[in-house]
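Coordinate analysis (summary)
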Amino acid sequence: ARGIADTYSAIDVATDPETVIARSDVDAVVVASPDFTHAPLSKACIAAGKKVLCEKPLSQSPQDCLSVMEAEQSEGAKFVQLGFMRRYDTSYIEMKEALSNGSLGRALMMHNFHRNVETPASDFSGAMAITNSAPHEFDVIRHVLETEFTAISAWQPRRTDALVAPVVMVLETSDGQIVNIEVNNNAAYGYDVRAELVGENGSISTNNVAYTRLDLGLQNSTRYDADWRSRYEGAYCRQNRDFLKFVESGQFPEIGSDCWDGYCAAVVAKAGAKALNDSCKVAIKMIAKPELYL
Ligand code: ISE
């Protein structure tokens, strides 16, 4: 911890997060620790009256998400902004605008793939591709289409090696759209996330940003990012600036993700893990949206 703190010029290090959260000189908190700590540490922030930017997912358990929502509803205010930073990426902002301004016509489908060079953690499984990686797609697709998912199916192809195989999901929405998502955490060639929204009048696709093309030796090439930190650097900065405005003003960011969004992603992820395990389509059922999140 001291070595990391020195690398990033952090003032202090500590071993007990709840003591840090309670410090009088701590105004706000970023939770970027392992997934299972997100919900309890967010609740500790709410109890301390401090706004928190919590990395996704809020929890892999819908029940844990509901307990954080209950803590916010008891206080009558939102405290938690979730780190679904894709909403702040220019490609998804332009995609959402093309749908909302009517140029694409009504949305019919979305095709998505999300490829990591290699699994982000040694304990990564096919189910974690759904519960840890795919929540980005679950959230940003809900945000772009302004709809909810109603059912999910999931499959995996067979790899010849011991690496975690990709997961392919097909989802249905309450507005009659069909969405497919591939998550491949062992794509090897690069960090590659793309989406295409197909409307009744046209289609819009995201592009990976390449600032240069190398022309050399009768070939031309562009580079992939190695992981999400460089690919979404601008989105993270915009998300984090919105969080600081939230801390200062108390006004929740217009495009930020809240605990309801975290709960929805967890419900879809849990259904997706069940669909993969049971090899069948699973219905997605959620509670009614509480007033605080309307
Ligand atoms: C990781 O936790 C992230 O949030 C990245 O954005 C995502 O691409 C990766 O698959 C996750 O494991």
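For the structure itself, look to the data block above.
The structure reproduced in this document is the subject of the present report. These numbers were taken from a predicted model, which means no experiment stands behind them.

1. Here's the deal with the sheet that holds strand 4 (residues 107-115)
Pairing within the open sheet is mixed, and its seven strands lie in the order 9-8-4-7-6-5-12. Single-partner strands in this sheet number two, and they are strand 9 (203-205) and strand 12 (282-283). Both strand 4 and strand 7 (residues 178-184) contribute to a ladder of seven bridges, which runs parallel. Residue pairing for strand 7: Arg115 is matched across the bridge by Asn184. Sitting on the sheet, helix 6 (residues 126-133) is in contact with strand 4, strand 5 (149-155), strand 6 (167-173) and strand 7, with an inclination near 45 degrees to strand 6. Along the sheet face, helix 10 (residues 259-278) touches strand 5, strand 6 and strand 12 and points at about 40 degrees away from the line of strand 5.

2. Section: a nonpolar patch on the surface
Taken together, Trp155, Val168, Val170 and Ile178 make up a surface patch of nonpolar side chains, about 320 Å² in accessible area. If you trace the backbone, Ile178 turns up in strand 7. A residue is classified by how much of its surface remains accessible, and Ile178, at 40% relative accessible area, is partly exposed.

3. What about the site of the ligand?
Neighbouring the ligand are the residues Lys56, Met85, His114, Asn116, Pro120, Asn132, Ser133, His136, Asn185, Tyr191 and Trp228. About the coverage of the ligand: the protein hides 92% of its 300 Å² of free accessible area. Taken together, the residues of the shell around the ligand sort by class into four nonpolar, six polar and one charged.

4. Some points on the state of the cysteines
In the structure shown here, the tally under the stated rule is zero disulfides. No disulfide involves Cys45; its nearest neighbouring cysteine sulfur is the one of Cys54, lying 8.4 Å away. Accessibility expressed as a relative area gives 0% for Cys45, which makes it buried.

5. Things to note about the packing of helix 5 (residues 90-100) against helix 7 (residues 135-145)
Two elements in contact, helix 5 and helix 7, have axes separated by 9 Å at closest approach and are oriented at 30 degrees. In terms of orientation, helix 5 and helix 7 fall into the roughly parallel class. In this structure, helix 5 uses Tyr92, Met95, Lys96 and Leu99 to contact helix 7, whose residues at the interface are Val140, His143, Val144 and Leu145. For the contact of helix 5 with helix 7, the class distribution of residues is six nonpolar, one polar and one charged.

6. Remarks on the sheet that holds strand 1 (residues 28-31)
Spatially, the three strands line up as an open sheet ordered 1-2-3, and their pairing is parallel. Edge positions in the sheet fall to strand 1 and strand 3 (80-82), since each has one partner strand and no second. Strand-to-strand, the axes of this sheet are offset by a mean angle of 15 degrees, without reference to chain direction. Here strand 2 (residues 51-54) runs beside strand 3; their pairing, made up of three bridges, is parallel. When the sheet's bridge partners are listed, Val52 is paired in strand 3 with Val80. Along the sheet face, helix 9 (residues 233-249) touches strand 1, strand 2 and strand 3 and points at about 165 degrees away from the line of strand 2.

Quick notes on the rules
Residues numbered from 1 in each chain as written. Predicted model: local features only at pLDDT ≥ 70, side-chain atom pairs only at ≥ 80, totals over all residues. Heavy atoms only, no water. Pairing = 2+ DSSP bridges. Helix = DSSP H or I, 4+ residues; strand = E, 2+ residues; numbered from the N terminus. Contact = heavy atoms within 4.5 Å. Axes fitted to C-alpha atoms, helices over the stretch in contact; angles between N-to-C directions. Patch = residues over 30% accessible without salt bridge, like charges linked within 9 Å, V, L, I, M, F, W, Y side chains within 5 Å. Areas by Shrake-Rupley, 256 points an atom, 1.4 Å probe, with all protein chains shown as cover. Salt bridge = Lys/Arg side-chain N within 4 Å of Asp/Glu carboxyl O. Buried < 20%, exposed > 50% of the residue type's maximum accessible area, 1.4 Å probe, protein only. Near = heavy atom within 4 Å. Nonpolar A, V, L, I, M, F, W, Y, C, P; charged D, E, K, R; others polar. Disulfide = S-S within 2.5 Å. Parallel < 35°, antiparallel > 145°, perpendicular 65-115°, else oblique.

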